Amino acid sequence: ALQDFARREKIDLTVVGPETPLVNGIVDEFKKEGLRIFGPDTRTALLEGSKVFAKELMREFGVPTADFEVFDDKDAALSFIRKKGAPIVIKADGLAAGKGVFVCATQQEAEKAIEEIMVKRAFGDSGNKVVIEECIQGEEVSIIAVSDGENLTPLASSQDHKRIFDHDKGPNTGGMGAYSPAPVANGERFVEAINKIMYPMIRGLKKKGMPHKGVLYAGIMINDTGMYVLEFNVRFGDPETQAILPRMKSDIIDLIEASIDGKLKDFKTKWDKRPCACVVASSGGYPGPYKKDKEIRGLDEAAELKDVFIFHAGTRKNRERYLTTGGRVLGITALGSNIEDALRTSYEAAGKIRFEGMYYRKDIGRRALCLGNQSSR
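The present account deals with the structure reproduced in this document. (Residues numbered from 1 in each chain as written. Predicted model: local features only at pLDDT ≥ 70, side-chain atom pairs only at ≥ 80, totals over all residues. Heavy atoms only, no water.)

## Some points on the nonpolar core
Counting residues in each nonpolar core, the largest one holds 40 residues, and the members touching the most others are Leu 47, Ile 143, Ile 197, Met 198, Met 201, Ile 220 and Phe 232. Per-element accounting of this core gives the leading share, 9 residues, to helix α8 (residues 187-207). Those residues in contact with Phe 232 that lie beyond four places of it in its chain are Leu 47, Glu 48, Met 58, Val 63, Ile 197, Met 198, Met 201, Leu 216, Tyr 217 and Ala 218. If you look at the next biggest cluster of nonpolar residues, it comprises 26 residues, including Ala 277, Ile 296, Ile 353 and Ala 368. (Core = buried A, V, L, I, M, F, W, Y, C linked by side-chain atoms within 4.5 Å. Buried < 20%, exposed > 50% of the residue type's maximum accessible area, 1.4 Å probe, protein only. Helix = DSSP H or I, 4+ residues; strand = E, 2+ residues; numbered from the N terminus. Contact = heavy atoms within 4.5 Å.)

## Some points on the environment of Arg 121
Within the secondary structure, Arg 121 is located in the loop between α7 (107-119) and β6 (130-134). Residue classification places Arg 121 among the partly exposed positions, given a relative accessible area of 31%. Distance from Arg 121 to Leu 152, taken between C-alpha atoms, is 38 Å for residues 31 residues apart in sequence. For Arg 121, the contacting residues outside a window of four places in its chain are Glu 116, Gly 127 and Asn 128.

## Re the packing of aromatic side chains
Across all of its chains, the model carries 6 aromatic pairs by this definition. When the centroid spacing of 5.2 Å and the interplanar angle of 45 degrees are considered together, the rings of Phe 71 and Phe 80 count as tilted. In this structure, Phe 71 and Phe 80 share a single accessibility class: buried. Looking at Lys 362, its charged tip hangs above the ring of Tyr 360, at a distance of 4.6 Å from the centre. (Phe/Tyr/Trp six-rings, centres within 6.5 Å; stacked < 30°, edge-to-face > 60°. Lys NZ or Arg CZ within 6 Å of the ring centre and 35° of its normal.)

## Focus: unusual backbone geometry
The linkage connecting Ala 86 with the following residue, Pro 87, adopts the cis geometry, with an omega of 5 degrees. Mapping Pro 87 onto the fold places it in the loop between α6 (74-84) and β4 (88-92). Cis peptide bonds are those with omega within 30 degrees of zero, and the linkage from Ser 180 to Pro 181 qualifies with 0 degrees. You can see Pro 181 is positioned in the loop between β12 (177-180) and α8.

## Let's talk about the sheet that holds β12
In sheet architecture, strand pairing relies on hydrogen bonds along the backbone and comes in two forms, parallel and antiparallel. Sheet architecture is open: 5 strands sit in the order β9-β12-β15-β20-β17, paired in antiparallel fashion. On the outer flanks of this sheet lie β9 (159-160) and β17 (308-312), each paired with one strand and no other. Relative to strand β20 (residues 328-335), strand β15 (residues 276-282) runs antiparallel, the two sharing 7 bridges. Bridged to Ala 281 within β20 is Leu 330. (Pairing = 2+ DSSP bridges.)

## Describing the pattern of salt bridges
Tallied over the full model, the rule gives 32 salt bridges. In this structure, Arg 36 and Glu 257 form a salt bridge, with 2.7 Å as the shortest nitrogen-oxygen distance. Here Glu 257 lies in helix α10 (residues 252-261) and Arg 36 lies in the loop between α3 (26-32) and β2 (37-38), a separation of 221 residues in the sequence. When its relative accessible area of 26% is taken as the criterion, Glu 257 is described as partly exposed. Across the salt bridge formed by Arg 366 and Asp 363, the nearest N and O atoms sit 3.8 Å from each other. The partly exposed category is assigned to Arg 366, whose relative accessible area is 32%. The exposure class of Asp 363 is buried, given its relative accessible area of 9%. Because the salt bridges share partners, they merge into one network encompassing Asp 168, Arg 361, Asp 363 and Arg 366. (Salt bridge = Lys/Arg side-chain N within 4 Å of Asp/Glu carboxyl O.)

In structure tokens, the structure reads:
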């Protein structure tokens, strides 16, 4: 239906946001019809669509990542957990809307994760296999780049906040806030991530005859022993992108066109040096069950603040009213002279918005404030 729409309306360029259409082959189908589209084909979309595929490629290409084992049998997985002990990380192989990763502090939590994934089938066929990996501690950072299959153009670094509650407590979500740049990935570390993680993956894929065009996103853990890839995604991260793009002074369409045309070799991006912060307002109960169709008030007042951007996620417009439709409702974002200033403005804007059950974390950016306002990409 999307292909028919693009052809009928003579759409010049389609940019794919969600991961599911990419994994299901929307890029392949559009290209068959000569339609211009930004994103990877089904072969390399599997970097996000299958954690097993991604981990095995990392091992093959020498990309640093946590030690891991793959299981398609519940009893074998449980036996391995009892042998290895905790803390340990359990991941459903396939797509799970950002909720298929369990960081387990105890053996009991790990066994419960296997039960959820492989017995209760919480993520359907995405749980046919699991990756069980070493739990690596440190600071997490997101590095997003755009590739033309051979070359890379990195975007600014960012840090996401996955857990639902303050101090990184509670279950994982799609992301409760982000900021850019991430002080933990400053200067030399940023360059190291590009050279030791991003380029080896892009070059390895090309060598295997499956060049990756589009976004390559690496979730990386950094500690005293080095950096380790937690996961790869193949689309702009949410809410990381909300914290990155307000800083981008170049035209993103030029970047996208260069990716499609294989012309990223000499492409340069320009950046606003000011940091940016995004606070996600969610529906009460998320990431579990939540109520919909709650009226959102205060959007105009929040938008009047200087350098504030309100990104709509789970909303719909009914005449002149905005109503909630999803778990993550709004990305309330602001630029600032430093990270502290950007966060202060984001929270000021969030304070002007209200809807029944509205919830947001109060500690977004805490790590950046602790690490100091170092210069970085």
